[in-house]
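An overview of the molecular structure
In case you want the letters, here they are:
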Amino acid sequence: MALTQHEFAFVSGLVRREAAIVLESGKEYLVEARLLPLARRTGTVSVSEFVARAQRERVLADQIVDALTTNETSWLRDREPFTAFTDSVVPDLAERRGPQHKLRIWSAACSSGQEPYSLAMLLEESVRAGKYEIIATDISTEMIERAKAGRYSQLEVNRGLPVPMLVRYFDRVGTEWQVAEALRRNISFQKVNLAAPLPQMAPFDVVFLRNVLIYFDLETKRSVLRRIRSLMRPDGWLFLGAAETTIGIDDGFERVVAGRASAYRPRAATTAPVGATRKG
Amino acid sequence: MSAPTTDDLHAITEQVWLSYLDPEGVNPFLPSPDAPPSPHVIAAVSVTGAWEGHVVMTFSERAAELSSAALLGMGDDEVTPDDIADAVGELVNVIGGNVKSLLPDGSLLSLPHVVTGESAGNTRWPAAVEVCRLQGSWQDEKIAISVWTSKSAGEGA
Amino acid sequence: MIIVPTAMIIDDSRAMRLILRRIVTQLGFEVHEAGNGKEALDLLETVDPMPQVALIDWNMPVMNGLEFVTAVRSQERYRQMTLMMVTTESEHGQIVRALAAGAHEYVIKPFTPEAIAEKLALLGLVPSGIV
Ligand SMILES: C[S@@+](CC[C@H](N)C(=O)[O-])C[C@H]1O[C@@H](n2cnc3c(N)ncnc32)[C@H](O)[C@@H]1O
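Thresholds, definitions, all that
Residues numbered from 1 in each chain as written. Chains lettered and ligands numbered in written order. Predicted model: local features only at pLDDT ≥ 70, side-chain atom pairs only at ≥ 80, totals over all residues. Heavy atoms only, no water. UniProt positions renumbered as here; feature names shortened; annotations may be inferred. Helix = DSSP H or I, 4+ residues; strand = E, 2+ residues; numbered from the N terminus. Buried < 20%, exposed > 50% of the residue type's maximum accessible area, 1.4 Å probe, protein only. Polar contact = N/O pair within 3.5 Å; in protein donor to acceptor, adjacent residues only side chain to side chain. Contact = heavy atoms within 4.5 Å. Near = heavy atom within 4 Å. Areas by Shrake-Rupley, 256 points an atom, 1.4 Å probe, with all protein chains shown as cover. Nonpolar A, V, L, I, M, F, W, Y, C, P; charged D, E, K, R; others polar. Phe/Tyr/Trp six-rings, centres within 6.5 Å; stacked < 30°, edge-to-face > 60°. Lys NZ or Arg CZ within 6 Å of the ring centre and 35° of its normal. Domains from an automatic or database assignment. Buried area = accessible area lost by both parts, 1.4 Å probe. Salt bridge = Lys/Arg side-chain N within 4 Å of Asp/Glu carboxyl O.

Per an unreviewed UniProt entry, chain B goes by the name Chemotaxis phosphatase CheX-like domain-containing protein and belongs to Planomonospora parontospora.

In the annotation of an unreviewed UniProt entry, chain A is listed under the name protein-glutamate O-methyltransferase and assigned to Planomonospora parontospora subsp. parontospora. Regarding chain A, the relevant UniProt record gives this comment under Catalytic activity (unreviewed entry): "L-glutamyl-[protein] + S-adenosyl-L-methionine = [protein]-L-glutamate 5-O-methyl ester + S-adenosyl-L-homocysteine".

Once that is clear, we can look at the side chain of Asn36 of chain C. Residue and element names in this part refer to chain C. Its location among the elements puts Asn36 in the loop between β2 (30-34) and α2 (37-46). According to the relative accessible area criterion, Asn36 is buried, its value standing at 8%. Among the polar contacts listed, one links the side chain of Asn36 to the backbone nitrogen of Lys38, at a separation of 2.9 Å. Engagement of the side chain of Asn36 in a polar contact is seen with the backbone nitrogen of Glu39, the distance being 2.8 Å. Leave out the neighbours within four places in its chain, and Asn36 touches Ile10, Met60, Pro61, Val62 and Met63.

Bringing the UniProt feature "domain: Chemotaxis phosphatase CheX-like" (unreviewed entry) in chain B into the picture now. Taken from the UniProt record, the annotation "domain: Chemotaxis phosphatase CheX-like" (unreviewed entry) applies to residues 41-119 of chain B. Taken end to end, residues 41-119 of chain B is 43% helix and 29% strand, and its first and last C-alpha atoms sit 9 Å apart.

The next thing to look at is the site of the ligand. All names here are of chain A. Taken together, 23 residues are adjacent to the ligand, and Thr73, Arg77, Ala109, Asp138 and Asn211 come closest. About the coverage of the ligand: the protein hides 99% of its 610 Å² of free accessible area. Residue composition of the shell around the ligand, by class: 10 nonpolar, eight polar and five charged.

The next subject is the packing of aromatic side chains. All names here are of chain A. Tallied over the entire structure, the rule returns 11 aromatic pairs over all chains. Their ring planes at 80 degrees and their centres at 6.0 Å tell us that Phe85 and Phe208 sit as a pair that is edge-to-face. Of this pair, Phe85 sits in helix α5 (residues 80-97) while Phe208 is found in strand β7 (residues 204-209), placing the two residues 123 residues apart along the sequence. On the basis of relative accessibility, which here comes to 1%, the residue Phe85 falls in the buried class. Between Tyr117 and Phe189, the aromatic rings sit 6.0 Å apart at their centres with planes inclined by 50 degrees, giving tilted as the arrangement. Note that Tyr117 is positioned in helix α6 (residues 114-124) and Phe189 in strand β6 (residues 187-191), a separation of 72 residues in sequence. Overall, Tyr117 belongs to the buried group, its relative accessible area being 0%. Looking at Arg229, its charged tip hangs above the ring of Phe253, at a distance of 5.7 Å from the centre. Its guanidinium or amino end placed over the ring of Trp237, Arg265 lies 3.9 Å from that ring's centre, counting from NZ or CZ.

Let us look at the domain arrangement of chain A. All names here are of chain A. Taken domain by domain, chain A consists of domain 1 (5-68) and domain 2 (80-151 + 179-278). If you average the C-alpha positions of domain 1 and of domain 2, the two centres end up 31 Å apart. Taken together, the contact pairs seven residues of domain 1 with 10 residues of domain 2. A buried area of about 600 Å², summed over both sides, lies between domain 1 and domain 2, and 51% of it is on carbon and sulfur atoms. Counting the contacts that link domain 1 with domain 2 gives one salt bridge. Inspection of the domain 1/domain 2 interface yields four residue pairs in polar contact (both at pLDDT 80 or more).

What follows deals with the pattern of salt bridges. Opposite charge on two side chains permits pairing when their charged atoms draw close. The final tally for this structure, using the stated rule, is 36 salt bridges over all chains. Measuring nitrogen to oxygen at the nearest pair gives 3.2 Å for the salt bridge that ties Arg133 of chain B to Glu130 of chain B. Relative accessible area serves as the criterion here: at 36%, Glu130 of chain B is assigned to the partly exposed category. Among the charged side chains, a network of salt bridges with common partners joins Asp92, Arg96, Arg97, Asp205, Asp235 and Arg265 of chain A.

Structure follows, in structure tokens:
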């Protein structure tokens, strides 16, 4: 049973309004595959009927937004940004801010939490152990709850988590693994829609905004980057996903090379980069 | 340590399916209360040591074919009886291994054992009681997974 | 000359060897297979070049994975080989035992192809671009 054009238009309009995510036509199959489990759970006979009910019931509409945001993530995803974080960024900021400064880090689309916990593990093993705070945010209530709980399935801990870290920071609970309290206590979780005005927050030293801009159109990308820049320290660091860039979108950022990764810094700050060279 | 539950079996099964039988996550194992008819293929591993019992999977003939083909990456008309024995044996081995991790330390897993055809329906687990069971269907074919403990060693586990 | 990396898959289940072979072949490895630790040690004597990595099940007849890791770690000539357990053994204590014996990484069954690729990338055995 295929979705009608009308139903698809409702769904794509909804996720565009709520999450600024663009679903082009041709993605009908994706919508159906993602909504089928929801329809089954609610006891509706078909995806069409589920979509019809969602037009009247707010909770179901929220479920659609949750189901259509891609939550794919892994530990230390793509490695290089995390290596750059430990090898270039942490020493650079230690030098600029002095040893007692508490690093402020934002994981801005944290999905189920692998990104902020990865950062916390790296920090715990660095000179900054205990001297940092991480704010982890996402638009999805379900993801924020999962991230906060810090419980991961076997499949999830298999994804890129070095086994010495598994052994050090996780305990087995039934069929799952629980993140250690030592990591959780430096992270706070909050629901934030990046495509809307951001809540009041103190400026950040480092922002991880990875693998989320790709879902937005150009205008949204631009306004998201601008809002984030206004919440960054002038000599702060921004990390994007491998397929993302600020170039041609927001020239308030400058790309720098950090180890084998690219990072972005507010433009005025790059006059005397420590441990980084300019590129692009 | 508490005994494994149907929820545990469900969590484990979901992960095995996502890993080997339903990588896209579009064709999950669907639990249902209806008891499956007499099975055609049975795969089992035994646990010995600190805890004694069995982890058992039962399949309809078609379910065994479909899951073996998916696991081995073959067409479902290509699988031989040997392929089926290897594949369902490995499925119960992985599920059994994960069940074992819920049991007291010092439990050991046997090699898998597979029975096919008429005799499958008559397989019994003497002196063992069922601890939990997950039954349902995959691609409209019946599959059940159950955990049994030997009465004598079951206490204190 | 292009050097093709090789992997040795050690598992008593033919189905599991097939699954792993498919994954590491796609990542560009040549594959050797062994059905238990003893067979793998014998095979290591004959293959050249030595595999970069061994993917090792734990519970196998004749010689199990932990015994294999211990045997390999006691021999200087296998120093360069990376050892990755791929097993259903997932108790905290078991993982620690395998690491203490000399295993470098650990994947718990069931696993997805991405998990194997990401762990091999972690070990520097495949470029992270492939993952
Ligand atoms: C693919 S995940 C990326 C997770 C992680 N940053 C990484 O790189 O692995 C994308 C995340 O962005 C979130 N997201 C989508 N639209 C958003 C929005 N408008 N505001 C905040 N988060 C959003 C989704 O809920 C999802 O968890």
